[in-house]
There are 2 protein chains.
Amino acid sequence: MGKLTVVGIGPGDYENMTVRADRALGACQVIVGYHVYVNLVKERYPDKEFLTTPMTKEADRCRMALDAARSGKDVAMVCSGDSGIYGMAGLLYELRGEAAEPEIQVVPGLTAACSGAALLGAPLTHDFAVVSLSDRLTPWEKIEARLAAAAVADLSVVLYNPASRGRPDYLQRACDILLRTLPADRPCGVARNIGREGESWTVMSLGQLRDFAADMFCTAFVGNSQTRIIGGKLVTPRGYRDV
Amino acid sequence: MGKLTVVGIGPGDYENMTVRADRALGACQVIVGYHVYVNLVKERYPDKEFLTTPMTKEADRCRMALDAARSGKDVAMVCSGDSGIYGMAGLLYELRGEAAEPEIQVVPGLTAACSGAALLGAPLTHDFAVVSLSDRLTPWEKIEARLAAAAVADLSVVLYNPASRGRPDYLQRACDILLRTLPADRPCGVARNIGREGESWTVMSLGQLRDFAADMFCTAFVGNSQTRIIGGKLVTPRGYRDV
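What comes next is a walk through the structure.

## A look at the packing of aromatic side chains
Two aromatic rings, taken as a pair, are described by how far apart their centres are and by the angle between their planes.
1) Next: Evaluated as defined, the whole model comprises six aromatic pairs over all chains.
2) Next: On the basis of an interplanar angle of 50 degrees and a centroid distance of 5.2 Å, the ring pair of A:Tyr86 and A:Tyr160 is categorised as tilted. A residue pair is termed long-range when its members are at least 10 positions apart, and A:Tyr86 in the loop between β4 (75-79) and α4 (89-96) and A:Tyr160 in strand β8 (residues 156-160) qualify at 74 residues.
3) Next: Taking the relative accessible area as the measure of exposure, A:Tyr86 reaches 11% and is therefore buried.
4) Next: Between B:Tyr34 and B:Tyr37, the aromatic rings sit 4.9 Å apart at their centres with planes inclined by 90 degrees, giving edge-to-face as the arrangement.
5) Next: Lying across the ring of A:Trp140, A:Arg173 places its NZ or CZ 4.5 Å from the centre.
6) Next: Residue placement shows A:Lys233 over the ring face of A:Trp201; its charged tip is 4.0 Å from the ring centre.

Next comes the structure, spelled out in structure tokens:
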């Protein structure tokens, strides 16, 4: 029986991987993942066996990884960002169930909340919520309720999966919900292609975010009532200055 | 004029640092930080100048870092976890104000939400809120409102700073607020000393979390309505199995 390591590779470049993730990929025999993420690491670990599946085949991908470990190989399953935050670690535990083997190790990685915030400035210095706008696996009403609650509670909000080809208007719909509570001039920002070719970031208002042409490579940030734009950067104070 | 890099070193061990954080600390001349965090990295980068301040002197620490950069040195400010999430990046931008110099670079790191979740299993596979229970800089009423909103919106919740010597009962108070909405058997967990000596994790119910003797080295996780304990691990499904 091999072991299975679920590796968060961060945004995608080598520099933003942890030492532990790098060592885990170096030590395994098989790398399993969504083909785009596998391609991000293939060059650095060329002497591995690679197993890939298309985008929406998450359960197939996890069964493939579990089967490879059961066949005696040490397997690394790669996830972009963190291995747990909207990642595959949960599904692997679900599919393994109460069996003790294969051993599962979760190696965390930089999620887009961390890596995108660092590009934009420091929007997450205070309490925040992370909400995915993808309704493939979650009823839209539940997403709406979470956005509304976050706005009322004055949490900064990080929006994952703000749009895709099949959902071009989801960011607009999310902003409309936030705008019921928050002012249109609330400072916001978008990070795109974090840690990859064409990396960019833009600071804007919530009103502008509503009409922003986001795509699946974007992560959006909505400030709290204290968030300001300082020197062109999106900054949420923690309150240290007043101490 | 030197440049200032704000480095999230992750939980504290070398393995959980990113390659970029390691390189930034290797390349700088001066390392500034809270003395506990500076001690975590001192051995690996011995040929640096070290500037430290005690725990609550955040503004002094940031001014020290800005002054060192203004004096022509390349400075790294170390933060535990991420450099932005409850970290010093925001205060550095605030104190620099609209000046273009010194240049500030934010290097993200693994925050306890990511690294603690990986220890416990996969509690953050779905939307979540991160809330600090420290009321040194935030009115307790605001913290309460955020906890209540997160519970009603069925967000998983990560509790930072669940207790300290001056606030031994804050976790209990926070759980009491959550228990107004959530059942006492809601799966929860605590990660302690993540990535450091004596690292440990415990899965428990919300009722047990209420009476857990947390300290400042703990991060607590409260599951959402779907979270289950599977094979001893805390797992929040994303819904992939049902697709």
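## A closer look at the state of the cysteines
1) Next: Counted according to the given criterion, the structure contains zero disulfides over all chains.
2) Next: Not part of a disulfide, A:Cys114 finds its nearest cysteine sulfur in B:Cys114, a span of 4.8 Å.
3) Next: Of all cysteine sulfurs in the structure, the one in A:Cys188 sits closest to A:Cys175, which takes part in no disulfide; the separation is 6.6 Å.
4) Next: Under the relative-accessibility criterion, A:Cys175 is labelled buried at 0%.

## Some thoughts on the pairing of strand β2 (residues 30-34) of chain A
All names here are of chain A.
1) Next: Among the five residues that make up β2, five are buried, leaving the element largely enclosed by the rest of the structure.
2) Next: Examined bridge by bridge, β2 and strand β3 (residues 49-53) share five bridges and lie parallel to one another. Residue pairing across strands places isoleucine 31 opposite phenylalanine 50, the latter belonging to β3.
3) Next: Handedness of the β-α-β unit built from β2, helix α2 (residues 35-42) and β3 comes out right-handed.
4) Next: Bridge analysis of β2 against β4 gives three bridges, and the strand direction is parallel. Opposite valine 32, over in β4, you have methionine 77 as the bridge partner.

## What about the interface of chain A and chain B?
1) Next: Taken together, the contact pairs 69 residues of chain A with 69 residues of chain B.
2) Next: Summing both sides of the interface, chain A and chain B together bury roughly 6300 Å²; the carbon and sulfur share of this comes to 60%.
3) Next: Broken down residue by residue, the surface that chain A buries against chain B is led by A:Glu94, A:Arg146 and A:Tyr240, which jointly contribute 12%.
4) Next: Between A:Glu15 and B:Arg23 there is a salt bridge, with the nearest N and O atoms lying 2.5 Å from each other.
5) Next: Where chain A packs against chain B, one counts 28 residue pairs in polar contact (both at pLDDT 80 or more).
6) Next: Those elements that place two or more of their residues in the side of chain A that touches chain B are α1 (19-27), α4, α5 (112-120), β6 (121-122), β7 (128-132), α6 (140-152), β12 (228-230) and β13 (233-235) of chain A.
7) Next: The dominant element in the side of chain A that touches chain B, judged by the number of residues it contributes, is α4(A), at seven residues.
8) Next: Split by residue class, the side of chain A that touches chain B holds 32 nonpolar, 20 polar and 17 charged.
9) Next: Of the strand pairs in this sheet, β7(A) and strand β7 (residues 128-132) of chain B are connected by three bridges, and their pairing is antiparallel. Bridge pairing in β7(B) places A:Val130 opposite B:Phe128.

Conventions used here
- Residues numbered from 1 in each chain as written.
- Chains lettered and ligands numbered in written order.
- Predicted model: local features only at pLDDT ≥ 70, side-chain atom pairs only at ≥ 80, totals over all residues.
- Heavy atoms only, no water.
- Phe/Tyr/Trp six-rings, centres within 6.5 Å; stacked < 30°, edge-to-face > 60°.
- Helix = DSSP H or I, 4+ residues; strand = E, 2+ residues; numbered from the N terminus.
- Buried < 20%, exposed > 50% of the residue type's maximum accessible area, 1.4 Å probe, protein only.
- Lys NZ or Arg CZ within 6 Å of the ring centre and 35° of its normal.
- Disulfide = S-S within 2.5 Å.
- Pairing = 2+ DSSP bridges.
- Right-handed = clockwise from strand over helix to strand, strands pointing away.
- Contact = heavy atoms within 4.5 Å.
- Buried area = accessible area lost by both parts, 1.4 Å probe.
- Salt bridge = Lys/Arg side-chain N within 4 Å of Asp/Glu carboxyl O.
- Polar contact = N/O pair within 3.5 Å; in protein donor to acceptor, adjacent residues only side chain to side chain.
- Nonpolar A, V, L, I, M, F, W, Y, C, P; charged D, E, K, R; others polar.

What is shown is where atoms sit, not what they do.
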